[in-house]
Amino acid sequence: MLAEVPGNPLRSGLLWTATRGKEEKRPGLTLQRSGDAQRKMPSQRCCFLGVETWEELKWEDWELGREFTKTLLLKNIHSKLLKLRFRPPASEFFTTLFPQIITLSPGTSFSLPVTFRPLDRCEYQDTIEFHSKDGLFQVSLRATIPRHALDLPESVILPPCAVLHQSQTVFMFRNASKLQTGFRWEVPTPFQLCPESGMLEPGQECRVTVLFRPREALVYQVQASCAFGDDGENSCTVLLQGLSKYPFLQISAPGQEEGCKVLEFGNVPVGCNMERHFEILNPSSITTSFSLSRMQRPPLSESVFQCGIQKGEVAPRTSIRVPVIFSPGTVDSTTVDYLSLTCPGALSKTLLKVTGTCIGPQVSLSSSMLDFGCVDEGEEALRTVDIINSSSVEAQYQFDLDATGHSVFTLEPACGTLPPNSHRRLRLLFRPHHPMGYHRRVVCLLLHREPLFLDLIGTCHSEQLKPAILHPRHLVLYRQHLARGLTCYPPDVLGAMLAEDKIQVDLEGALMLQEDPAAVPERSPVEEYYQGCTGGKAEAELGGSGEASNSSHITVDPPELLFLNGSVSTSQSAVTLSNRTKGKLSLIWTPVPNSSFSVTPSSCDLGPLKSTAFRVSYTPKQYNTFHGAQLECFARYKVLRDHRQVEDRTLCPPWCVTVRVIGHSFQPGREHFIPRFSLQRPRVVFPALNLVSYRTVLLENMGDLPLVFRLDPEECPSVSVQPTSGLVQPGHHQILTLRTTPAEDCPARLPLTLHFNASPKHTQELSVVSVVEKPCLSLEGEGSLFFKPTAVGSRSQSPYRVRNLTRLPLRFHWRIPGPDQRVVSVAPDTGVLQPNETMVQTWSFTPFEEMVYNLKPNLTFWPIQTPGCRKSRLPLKVVGMASKGSIQAEHGVLNLGEVLVGDCRSFEVPLINNGSCSVSFCLAVQQSLLDPGLPENSQKKDPVALELDSVRGTIPARSRLLIRSTVRPARRTRYCWDLTYQTLSSAGSVLDAPQALCQVQGEGVFPTLEVTDVCCSGSVEALSKLQIWRLFSLGHLNAHLQRDPAPPELTYRVPTRHSVRRCPSIFTSAMLDFNFSAAPLGSDPSNVLLMFENTGSIPVEWSFLFPEDQQIELEYWAETGEFSTTELHHMKVQDNRLFNIAPRSGKLHPGQQKAVTFSYRHDFVGTDRLPVLFKLSHGREILLNFMGVTVERDRHYLHFTSTKHVFAPVPIGGFSPPKQVYELYNGGAVPLRYRVDTEPLEQLTADNFGHPVLQCLNPQGEVKPGRTALLEWVLSPLEAKTYSVDISIHVLEGDTMLLTFEGCGFDNSVLGESAPLQLHDGYMSVPSTQRMALPNQVLFLSEERLCLGDIPVCSRSTRVLFLTNVSHSDRVLYNWNLTDQSVQIYPEHGALSPGESSLCILTLQASGSPSFYQLDVICEVTLEEALSQYRQDLQEWELERDRQRNEFSLTDKDLQQSQTSYPQGHTPSQTSYPQGHTPSQTSYPQGQTQNQTQESNTKEVLPSPQKTGPVVRKYKTLPPIRSSSAVVGGMCTRPSRAERRAQREASQVWRRPEPPCPTLLHLGVTGRSHSLLEFQTFFPSLLSTHHVNRSTRPNVTCCGSRQRRPPSVDMPPLSHGPEREIITHTLTSIFRSLLDDPHFHHSLVNGVAEPVPYFTQLRQTAYTPTTPLPGAATPYPGTREAPPPCPPTPQLLMGGSLYSAGVTDVTKQQPQTQKPTVKQERQLNVQETIRRLPEFCDVTEEVLLNTLQNLMMEAFLGELVLTARPRIIALPPVSARRNSCGSRRLSRGGADPDRSRETRGVPLGLSFSPPSSLLANLAWT
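Throughout this description, residue numbers start from 1 for each chain and increase along the sequence as written. With the structure being a predicted model, the display of local features is reserved for residues of pLDDT at least 70 and the display and counting of side-chain atom pairs for 80 or more, all residues being used for whole-chain, interface and lining totals. Hydrogens and water are ignored here; the side-chain numbers use all heavy atoms of the structure.

(A) Inspection of a negative patch on the surface at higher detail. A residue counts toward a patch only above 30% relative accessible area and without a salt bridge, and it is joined to like-charged neighbours within 9 Å or, for Val, Leu, Ile, Met, Phe, Trp and Tyr, to nonpolar neighbours within 5 Å. Here the Shrake-Rupley method, with its probe set to 1.4 Å, supplies the accessible areas, and only the displayed protein chains count as covering residues. What counts as a salt bridge is simple: a side-chain nitrogen of Lys or Arg found within 4 Å of a carboxyl oxygen of Asp or Glu. The charged-residue count follows a simple rule in which Lys and Arg add positive charge and Asp and Glu add negative charge, with His and chain termini not counted at all. A single reference atom marks each charge: NZ on Lys, CZ on Arg, CG on Asp, CD on Glu. Taken together, Asp376, Glu377, Glu379 and Glu463 make up a surface patch of like negative charges. Mapped onto the secondary structure, Glu379 falls in the loop between strand S35 (369-376) and strand S36 (381-389). Looking at Glu379, the relative accessible area reads 45%, which means it is partly exposed. Only runs of H or I of at least four residues qualify as helices and only runs of E of at least two qualify as strands under DSSP, and these elements are numbered from the N terminus. The classification of residues rests on relative accessible area computed with a 1.4 Å probe and restricted to protein chains. Under 20% of the type maximum is buried, over 50% is exposed, and intermediate values are partly exposed.

Structure (structure tokens):
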């Protein structure tokens, strides 16, 4: 955008454009250029019409009072010479050279100087215009002044941003002026610009950063305002656009639990790390930031899960993988943690549950005991044992056995690491030093596991001493004796007790006391290890029960000795051994030669319950080194020295005690070794239980020097570590075992310091967590659970969360009171909750009665390690409300309408639960058929047509459920389905009886079509709609379409090519004829338009299938060459496309209509037939036999659609049988005469006793081409039976057709009211209004058919019609062609402008005899433009004809040719008529008379006016030129030479113009007239609606006479000639003399005001009783009796006077002196007599009818508003009204005929004017 400051303040304000100085494209910027910016600089040249020049010359730096000149360079870049003329600038400020022609050769240039002379400090603008022969172009001249201007973008679009996030973009703006410009930005939130202000030098650019920080999800469009200039006096705006959305992130993990995703690590070895990933998905279109955080965990819990990503961003529609590392440290523990995914602006949080289980090694020994046997003194024995790791976890082991030779047993290797699923063989060496039995229980320490024990036994014999040999069975007996407390007795004592029967021997050979003491509890391996490490002290000292253990037979104190004072000399310490047995023991220390450690004395005897001290000396052999050993001492009963002194069953193996000694020989001041070690798990966490717990820690010596460690037991008395000191060789490790009993008051962290290498500088702290935690669970909702209202017997479920808030795995169990267990339940009701785990439990509520339940189940939980401890409980408050539920349908009755049979329709049944609880239900459907005609067994056998997708379901409270249903009707009938429901319990059982839900109604239907209208054009244009309706059997077609298809018709439900024959198989029995009637050869195609309408409620797909459309296309080799005659005919018809349908297929939706055109081409003479299948998909098939006849042009042909005709039934015994008609259609091109053979009629009369049962009133006549003649028939049956007679109709010079006529007579007395007297015919089914338009049709009738119904004879029926011109530009002329005298239409002709309508009144005057009226009134419509063009062409043709007759030139050659050009006695004018044509056959143009066209009534053919000459030849009229595809006889023949010559000559003929062919509109009028007696008998209610003209006597059709048509009274029009001129001159003179005579004018005025005397209306009439009067007809027409004599009746004559003999005599005989009362009475009698006259009634009818018609016309023309509010008019006095009635009042139609003629184009008035005197007398009375 270029924002500038105008230099001239009087001009417009700011000029804003949009551009940047450089064409840089940045995302989010919408850049445009203004007119100024788009102007190219002078260095940028353009090309105009081959001239290269600048588009604009611009002056920027200029001053007043000076001239500034610039040169405009013009260069010719074309290859031709250019000449330019230029127009100098119009203003005086720009000047240039004087205008001249600039000639530019190719490649040359011309410099045109332009001088600028400014006079004011403002902007100047002008142009120089250059002209060439190719066009013109302009060069702009501009002079600008410096002003502040910024070049900036119009809008800036920022990237979409999430709520509470930010996005940014940058845009550049430039100082487009040459002035220093300051700027300051102002922008509302959530946008921010940086920098907000600054100063720009000329041409300087500034980079602006736009920040977008939305706080709501909206579309932001904000105008950023920039104030710029010296003081910010100018401003411009930039549209900032931003879109913000709510962020949404998803977690994709393998597992899923309710409310969160689960990332499962499974079993992970201790000390190992496992990494798994989950994905964070961003399905939105915006970048979203996130953060991952852990949920709050129990205190002091270990963090074993590490998430690699804590926060970040996810791009739109992408995902990121987040790694999670699981590093477990506690064996056999399951860790649960929760990660929370949060993003700013999000509406919810997402949880991820991570869980994993730590597994430890599974180590075992191949044998738990090794027996070395008996070894001689000084010898050794070797044994092996396998240590096996059967797990997938690496295992570290260590045997607590001295490896420096201080033990008689040596094991290699004593420590090491076992890979997963591996084993290692260990070597053990036995070197005894004293003859005795040896037994040592060696412990194998395992990291993260309890230790293993290996029993080593062996016996040493010397030559002097042979002790008893130890065997493995002795150890088994020892363990049993130990458990029974017998090991404290020496073997000799046990032998004595056994001899005294104080003890006994069990079945296994073990000793037992008679009274079995309390069993000693079994010790765990780690407790046994700890007891051995403490020197066999009592457990009371170790935190035990305080009682001495029977297993501690000998104890040592202290168990370890430390020589760490750094003395180089020998150091000594005392060790005390105590005998806790009841026998004397022998103590023997294992001697080690050359050892730094020694014990004195090396052996001694110790009495029962005595103690002795030994001195341990440390004498280092080497300085500055570490020493460590495990001193071994064996104790045995002294009696075991000789095997002869003990029994085998009382033998007790020796015990072994050890003393751990450590020392160093570092001199004072000497630096000790720097230790290199590794300590696994420096933080040791004990279970939060008040139980003795153990943990192991691995100490590895990573250096090359020995490592000495020591722990001070006094530093942390509550934690015991074994061993407390030791020496670790390089590359070896030491497993430390920690033991403690956590307490509640224990601090959260207990420090333990490891001292290394006897130096205070080298320490390592162990952090010990030993805190007791009480079991604690958290219940959701503060311990309350509320169920939603639940239906009785149903079940509702609710999730409930329970969380473990401790570090202990807790086992829980829900305890529900017994009565409440039927109501509520929980799953799972028991289980284990790992530390920090949240479990979702499902509670179910199943009420059994309507009430509010308050339940209190308890949650019991305890640590999983202490199942026998005191259990904790938490109460839960459960509240649930039960109610009785019910459902109902949204609609009680659901009407599906019509459904296609065989198809399916899916719909939804909405069910509503208005209650407060959910309802479980099951649905049932009961079907019933509403068609009363169906038998009961079919209703039972029919399958249920309604299928429910879900029969069972549950509807939540106050909800709506849609049940998807499908209907598949199997037959065409009305279905009714009753839906019932039953409520279900939670187990699915029914609770109550079926209840009504709703009713679904539907009707199985087939696709239906109906023909609602028919139109015709082309050769069948002259046929009426009724005739086409019958020819095409449309009534039967509609009837067939309404019926059900037969099963064979549904063989192929859709149009399919299914036949391999050319005549496909027919699967339908419905066959109809489509008769296209007949037409001459070469005439226009017969086109019939049918309007198909889908009257059903389902879509219909229809197709018209020709035989070729049903045939499967075969390969050429598969076709046979033999074709039948029918197949050949069908091939001919289809190949030449004689029958055509457009369109052939389609689809109609309900209520939709489609016009289909059926056409038949008259290209071949003969009768053409083609079977066409009318197929409705999934519906009917109807075979339509297309039939059309093509006749030779010179053939006389009557077209009969059927050989049988049935007359309407006629009652017997009547004297007035109705007249009926039969139509004869001339399908040829020439007129024909017909004759009916009446001999069969005469024979029928003779057979019926001379009674004419059937008679033809017009047995012969003439039918014009393309027209229809009516044969009039009278059927007068004698009996109630059917009469049939075969009658021949002969056509002159044509064929004879034999037809069968049938008529039926019936008895009124038998049939009664069901007698067929009403107008029952096919007329009712024929549509009365036109629904589709023919091509180029502009005039429409409001009704195409008028059915007058049943009317009495001598009555008059009137209807109103409207003609409408729908064209927007064409004016049309119409003319009613009235051939029947009984029908009159006013106006008969007229003109209609575009969009104009005309009101036409049709009147049918019923004759005196009963008749069937079947009239076709034709209205000829012609375009006025076409008629005017015809008249103009005709006038030109006549002028040319006269010129050719009068002008000619003769030469010698022409004279010779002229003598042979004409026949003898002929002239060119005499031979100008075509052959076969006469002047009488020439039609006259519409609107012209015979006199007007007397000279042009022949179809003369003249040569073309372009070629004149003396040659005048006689040409024979050629047939119409047809398309080249027209063939005769079915073969395409090439025209002969004569034909081609005739065509060439015909092309040179200038024919006489033919009048435009009018378009025909057919108006069908149908009705039936009855005799008065018959009408009064059978239609009494309709009698008052008709007026019978009683002045016309009804005619009785006598049995031997025929009713003749009265001669026509129409006078022929005057022809041109002297007769017409004389009459016209005479009448003109008379009218002019009358108009000029003032006396005539005065008499007219006085005549209107003068009252008419009453007596002048009467005259005397003779009464002749033998001549019945028209008004005195018998009231019983049709009877044989003669009418009774009638009194004389006054007659109303056309003159307007009443004559009556009786009335005259009475008047003459009245004395003048009679009283007034008698005179008034006589006057009333006269008036009453007048009222009863039939003539008076007829006059009144005429008056009212004409009045109504005039009112209708005035209302139609808008002159009268029928709905206007009536006005109240004050009437004059009675006397004044009587005087005013003498004047004659004319209706508006009769009073101003000229105005009506101008308005309507035709005169319209009263056809009969009533006498004014009669009206005056009526008013006087």
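Continuing now.
(B) Region of the structure containing the side chain of Thr737. Along the chain, Thr737 falls in strand S60 (residues 733-740). Thr737 gets classed as buried once you look at its relative accessible area, which sits at 3%. Residues count as neighbours in contact if any of their non-hydrogen atoms are within 4.5 Å of one another. Setting aside its immediate chain neighbours within four residues, Thr737 contacts Leu445, Val526, Tyr529, Tyr530, Tyr694, Arg695, Thr696, Ser720, Val721 and Gln722.

(C) Layout of the pattern of salt bridges. Under the defined criterion, the tally for this structure stands at 53 salt bridges. In this structure, the salt-bridge partner of Lys353 is Glu837, at a minimum N-O distance of 3.3 Å. Highlighted residues: Lys353 in strand S33 (residues 350-359) and Glu837 in the loop between strand S69 (830-833) and strand S70 (838-845), separated in sequence by 484 residues. Here Glu1302 and Lys1204 are joined by a salt bridge, their closest N and O atoms 3.1 Å apart. Taken together, the positions of Glu1302 in strand S102 (residues 1296-1306) and Lys1204 in strand S94 (residues 1204-1206) put the pair 98 residues apart, joining distant regions of the chain. Judged by its relative accessible area of 18%, Glu1302 falls in the buried class. It is possible to trace a salt-bridge network through shared partners that takes in Arg441, Asp455, Arg479 and Glu528.

(D) View of the sheet that holds strand S24 (residues 250-252). At least two bridges found by DSSP between two strands are what make those strands a pair. Taken in spatial order, the 4 strands of this open sheet run S24-S27-S31-S29, and their pairing is antiparallel. The open sheet has two free edges, formed respectively by S24 and strand S29 (305-307), since each of these has just one partner strand. Across the sheet, the mean angle from the axis of one strand to that of its neighbour is 30 degrees, orientation sign disregarded. Strand direction decides the pairing type here: strand S27 (residues 274-282) and strand S31 (residues 318-326), joined by 9 bridges, are antiparallel. Axis angles are defined between N-to-C directions and span 0 to 180 degrees, where every axis is a line fitted to C-alpha atoms and, for a helix, only to the segment in contact.

(E) Main features of helix H2 (residues 472-484). Given the number of residues in a helix, its expected span is that number minus one, multiplied by 1.5 Å. Between its first and last C-alpha atoms H2 spans 19 Å; for 13 residues at 1.5 Å apiece the expected length is 18 Å, and the two agree. What H2 keeps buried is the set His474, Leu475, Leu477, Tyr478, Gln480, His481 and Leu482. Looking at the packing, one finds that the buried side of H2 touches S35, strand S41 (437-446), strand S42 (449-461), strand S44 (511-513) and strand S53 (655-664).

(F) Up close: the sheet that holds strand S75 (residues 888-889). Here 4 strands make up an open sheet; going across it, the order is S75-S77-S81-S79 and the pairing antiparallel. Bordering the open sheet on either side are S75 and strand S79 (946-948), each of which pairs with just one other strand. Here 9 bridges tie strand S77 (residues 905-913) to strand S81 (residues 959-967), and the two strands are oriented antiparallel to one another. What sits directly across from Phe907, in S81, is Ser965.

(G) Structural detail: the packing of aromatic side chains. Only Phe, Tyr and Trp rings take part, Trp by its six-membered ring, and two of them pair if their centres are within 6.5 Å. Stacked means planes under 30 degrees apart, edge-to-face means over 60, and tilted covers everything else. Scanning all chains against the criterion turns up 64 aromatic pairs. Note on Trp59 and Phe116: the rings are 5.9 Å apart at their centroids and 40 degrees apart in plane angle, and the pair reads as tilted. Of the two residues, Trp59 is situated in strand S6 (residues 56-59) and Phe116 in strand S11 (residues 109-116); the sequence distance between them amounts to 57 residues. Their ring planes at 90 degrees and their centres at 4.9 Å tell us that Tyr438 and Phe634 sit as a pair that is edge-to-face. Here the residue Tyr438 occupies a position in strand S41, and Phe634 occupies one in strand S52 (residues 626-637), the gap between them amounting to 196 residues. Residue Phe634 is classed as buried on the basis of its relative accessible area of 1%. An aromatic cluster of three or more residues is present, and its members are Phe1032, Phe1074, Phe1076, Phe1092, Trp1102, Phe1104, Phe1139, Phe1158, Tyr1160, Phe1174 and Phe1186. Both a distance and an angle decide whether a charge sits over a ring: NZ of Lys or CZ of Arg must be within 6 Å of the ring centre and within 35 degrees of the ring normal. A cation over an aromatic ring shows up here: Lys70 above the ring of Trp59, its NZ or CZ 5.5 Å from the ring centre. Between the NZ or CZ atom of Lys871 and the centre of the ring of Trp862, over which it lies, the distance is 4.0 Å.

(H) View of the confidence of the model for the chain. What pLDDT conveys is the predictor's confidence in a given residue, as a value from 0 to 100. Taken residue by residue, the chain gives an average pLDDT of 80. The fraction at 70 or more is 80%. Long-range and interchain partners of residues 538-550, a stretch whose pLDDT sits below 50, account for 16 contacts in this model, where long-range means more than four residues apart. Taken together, the stretch residues 1458-1533 has pLDDT below 50 and engages in 103 contacts with residues farther than four places along the chain or on a different chain.

(I) Looking closely at the side chain of Asn804. Its place among the elements puts Asn804 in strand S66 (residues 796-804). N or O atoms closer than or at 3.5 Å make up a polar contact, with two conditions inside protein: a donor-capable atom paired with an acceptor-capable one, and, for residues adjacent in sequence, both atoms drawn from side chains. A polar atom in the side chain of Asn804 sits 3.2 Å from the backbone oxygen of Gln834. Excluding its chain neighbours within four sequence positions, the residues that come into contact with Asn804 are Pro298, Cys776, Leu777, Pro809, Leu810, Leu833, Gln834, Pro835, Asn836 and Glu837.

(J) Structural context of unusual backbone geometry. A cis amide bond links Thr600 with the next residue in sequence, Pro601, at an omega value of -15 degrees. When you line up the elements, Pro601 lands in the loop between strand S49 (597-600) and strand S50 (603-606). Of note, the amide linkage connecting Ala1142 to Pro1143 takes the cis form, showing an omega dihedral of -5 degrees. Note that Pro1143 resides in the loop between strand S88 (1139-1142) and strand S89 (1145-1148). The phi angle at Asp501 is positive, at roughly 60 degrees, despite the residue not being glycine. Relative to the assigned elements, Asp501 resides in the loop between helix H3 (491-499) and strand S43 (503-505). Even without glycine at this site, His1178 takes up a positive phi of about 65 degrees. Here His1178 shows up in the loop between strand S91 (1166-1176) and strand S92 (1181-1191). What makes His1178 partly exposed here is its relative accessible area of 25%.

(K) Structural detail: the environment of Pro1410. The topology assignment puts Pro1410 in the loop between strand S109 (1397-1405) and strand S110 (1412-1423). When its relative accessible area of 4% is taken as the criterion, Pro1410 is described as buried. Sequence separation between Pro1410 and Gln1220 is 190 residues; the distance between their C-alpha atoms is 9.3 Å. Dropping the residues within four chain positions of it, Pro1410 is found in contact with Ser1216, Pro1217, Pro1218, Lys1219, Val1353, Ser1569, His1570 and Ser1571.

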